[in-house]
Amino acid sequence: MRPLFRLSGNCGAVLALGFTGGYPVGVRTTAALYRQGQLNRSEAQRLLSFCNNSGPGFLLGVVGIGVFSSAAVGLRLYVVHIAAALLVGFLFRFFGGKDPFAAHRPKPVSSQSAQSLAQLFTEAVTGSFFAVLNICAFVLFFMIALRLLSLTGLLHLLAAALEMLLAPFGMTEHLATALFAGFLELSTGAACMQGALLTPGTAALAAFLLGWGGLSVHCQSLLFLLETDLSCKPYLVGKFLQGLFSAVLAFVLFTALPCA
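Residues numbered from 1 in each chain as written. Predicted model: local features only at pLDDT ≥ 70, side-chain atom pairs only at ≥ 80, totals over all residues. Heavy atoms only, no water.

### Re the overall build of the chain
Okay, so step 1: Counting its secondary structure elements, the chain contains 13 helices and zero strands.
Okay, so step 2: For the chain, the N- to C-terminal ordering of α and β elements is α-α-α-α-α-α-α-α-α-α-α-α-α.
Okay, so step 3: For a compact globule of 260 residues, the expected C-alpha radius of gyration is about 18 Å, and the chain comes in at 19 Å, within 12% of that figure.
Okay, so step 4: With respect to the principal axes defined by its C-alpha atoms, the chain has extents near 60 × 35 × 30 Å.
Okay, so step 5: A burial count over the chain gives 44% of its 260 residues as buried.
Okay, so step 6: Long-range pairs, those at least 24 residues apart, make up 76% of the contacts in the chain with a sequence separation of at least 6.
Okay, so step 7: When the accessible surface of the chain is totalled, it reaches about 12,900 Å², and 74% of it is carbon and sulfur. (Helix = DSSP H or I, 4+ residues; strand = E, 2+ residues; numbered from the N terminus. Rg over C-alpha atoms; globule rule 2.2 N^0.38 Å. Buried < 20%, exposed > 50% of the residue type's maximum accessible area, 1.4 Å probe, protein only. Contact = heavy atoms within 4.5 Å. Areas by Shrake-Rupley, 256 points an atom, 1.4 Å probe, with all protein chains shown as cover.)

And the structure:
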């Protein structure tokens with residue numbers, strides 16, 4: 001972690017959880033370690049830029065099989081997703097000024113703060129319950145917002161504008177609708193792409209949406225930062241860069257190695 005990302009070894013577990021647990025595990029774990037004193041502010045800000053990612057279940061099942069009817073496509077997009085996140089992390093190694101390790105000393109855990117198994121189990125269950133409610137609430141809110149945009153005709157107008165703007169890249173109204181919907185809510189954008197023909201362009205669009213994550217995911221994730229003094233700017237910039245890098249990598253990969 002330190003040679004590539006200028007982070008301590010504590011961040012390795014956060015990154016692994018972010019790649020396997022899906023949104024918003026990365027941000028939640030980073031905020032928890034920061035509150036415990038296991039990360040300093042510079043490390044936490046740097047880690048936020050690339051630790052929050054989509055899980056393999058969503059990529060292989062919902063996007064790979066559900067959208068493109070191929071688990072192999074989902075696996076390729078997952079590889080692209082990871083590569084783009086690591087690239088963002090490498091770029092953010094230059095963020096935050098001087099090397100934080102000289103001034104950083106993790107706080108020891110005192111015996112007085114040790115909790116019993118019953119306490120830990122109770123906190124784990126209740127914390128997971130409220131996290132699920134948080135996710136469902138934001139997903140529902142953005143799905144209703146998109147439905148209202150659709151009923152009022154605004155979604156059609158926005159999709160038509162995107163189609164005109166990105167027509168040179170092969171954008172259609174159907175894909176423009178998926179792009180706008182996915183920018184707000186990832187699962188809805190994936191649903192809008194269902195049945196799309198697999199091309200380098202559609203693969204790049206799916207990769208961008210997965211890398212960006214959607215405003216719904218960001219609201220779910222940034223809620224965990226309200227209890228800290230961490231800024232959301234590195235996180236949002238990192239996710240947008242990850243979306244762009246994912247789109248480029250996917251376009252190159254599916255152009256060079258098209259799926260049968």
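### Topic: the packing of aromatic side chains
Okay, so step 1: Applying the stated criterion across every chain yields a total of eight aromatic pairs.
Okay, so step 2: An angle of 90° between the planes, with centres 5.2 Å apart, marks the rings of F141 and F142 as edge-to-face.
Okay, so step 3: The interplanar angle of 15° and the centroid separation of 4.9 Å between the aromatic rings of F183 and W212 together place this pair among those described as stacked. Taken together, the positions of F183 in helix α9 (residues 173-184) and W212 in helix α11 (residues 200-212) put the pair 29 residues apart, joining distant regions of the chain.
Okay, so step 4: Taking relative accessible area as the criterion, W212 reaches 7% and is therefore assigned buried.
Okay, so step 5: By the ring-pair criterion, three or more aromatic residues cluster together here, those being F183, F208, W212 and F240.
Okay, so step 6: Its guanidinium or amino end placed over the ring of F94, R93 lies 5.5 Å from that ring's centre, counting from NZ or CZ. (Phe/Tyr/Trp six-rings, centres within 6.5 Å; stacked < 30°, edge-to-face > 60°. Lys NZ or Arg CZ within 6 Å of the ring centre and 35° of its normal.)

### Considerations on the nonpolar core
Okay, so step 1: Formed by 56 residues in total, the largest nonpolar core has its most connected members in L47, F50, F68, L77, M193, L209 and L225.
Okay, so step 2: It is α11 that provides the largest number of residues to this core, a total of nine residues.
Okay, so step 3: Setting aside anything within four residues of it in sequence, one finds F68 in contact with V63, V73, L77, M193, A196, L197, L198, T202, A203 and A206.
Okay, so step 4: Counting residues in hydrophobic clusters, the runner-up holds six residues, among them L146, F180, A181 and L184. (Core = buried A, V, L, I, M, F, W, Y, C linked by side-chain atoms within 4.5 Å.)

### Topic: the state of the cysteines
By definition, a disulfide links two cysteine residues through a covalent bond between their sulfur atoms.
Okay, so step 1: Within the structure shown, the criterion is met by zero disulfides.
Okay, so step 2: Of all cysteine sulfurs in the structure, the one in C11 sits closest to C51, which takes part in no disulfide; the separation is 8.7 Å.
Okay, so step 3: Assessed through its relative accessible area of 0%, C51 is described here as buried.
Okay, so step 4: The thiol sulfur of C232 is not disulfide-bonded, and the nearest other cysteine sulfur, from C219, lies at 10 Å.
Okay, so step 5: What makes C232 partly exposed here is its relative accessible area of 33%. (Disulfide = S-S within 2.5 Å.)

### Re helix α5 (residues 56-68)
Okay, so step 1: Counted at 1.5 Å a residue, the expected span for α5 with its 13 residues is 18 Å, but the 15 Å between its end C-alpha atoms falls short.
Okay, so step 2: Taken residue by residue, α5 has L59, V63, G64, V67 and F68 as its buried positions. Down the axis, α5 shows its buried residues gathered within 105° of arc, on one side only.
Okay, so step 3: At its buried positions, α5 is contacted by α6 (71-91), α10 (186-192) and α11.
Okay, so step 4: Positive phi shows up at S69, right after α5, with a value of about 55°. (Expected span 1.5 Å × (residues − 1). Arc of directions from axis to C-beta.)

### Things to note about the pattern of salt bridges
Okay, so step 1: Counted under the stated rule, the structure contains two salt bridges.
Okay, so step 2: Residues R35 and E227 are paired through a salt bridge, measuring 3.4 Å at the closest nitrogen-oxygen approach. Of this pair, R35 sits in helix α3 (residues 25-35) while E227 sits in the loop between α12 (215-222) and α13 (233-256), placing them 192 residues apart in sequence.
Okay, so step 3: Between R41 and D229 there is a salt bridge; the shortest N-O distance is 3.7 Å. Remark: D229 occurs in the loop between α12 and α13 and R41 occurs in helix α4 (residues 41-48); sequence separation between them is 188 residues.
Okay, so step 4: The exposure class assigned to D229 is partly exposed, which follows from its relative accessible area of 46%. (Salt bridge = Lys/Arg side-chain N within 4 Å of Asp/Glu carboxyl O.)

### Remarks on the environment of G9
Okay, so step 1: Within the secondary structure, G9 sits in the loop between α1 (2-5) and α2 (10-21).
Okay, so step 2: Each C-alpha atom, one on G9 and one on L39, is 10.0 Å from the other, the two residues being 30 residues apart in sequence.

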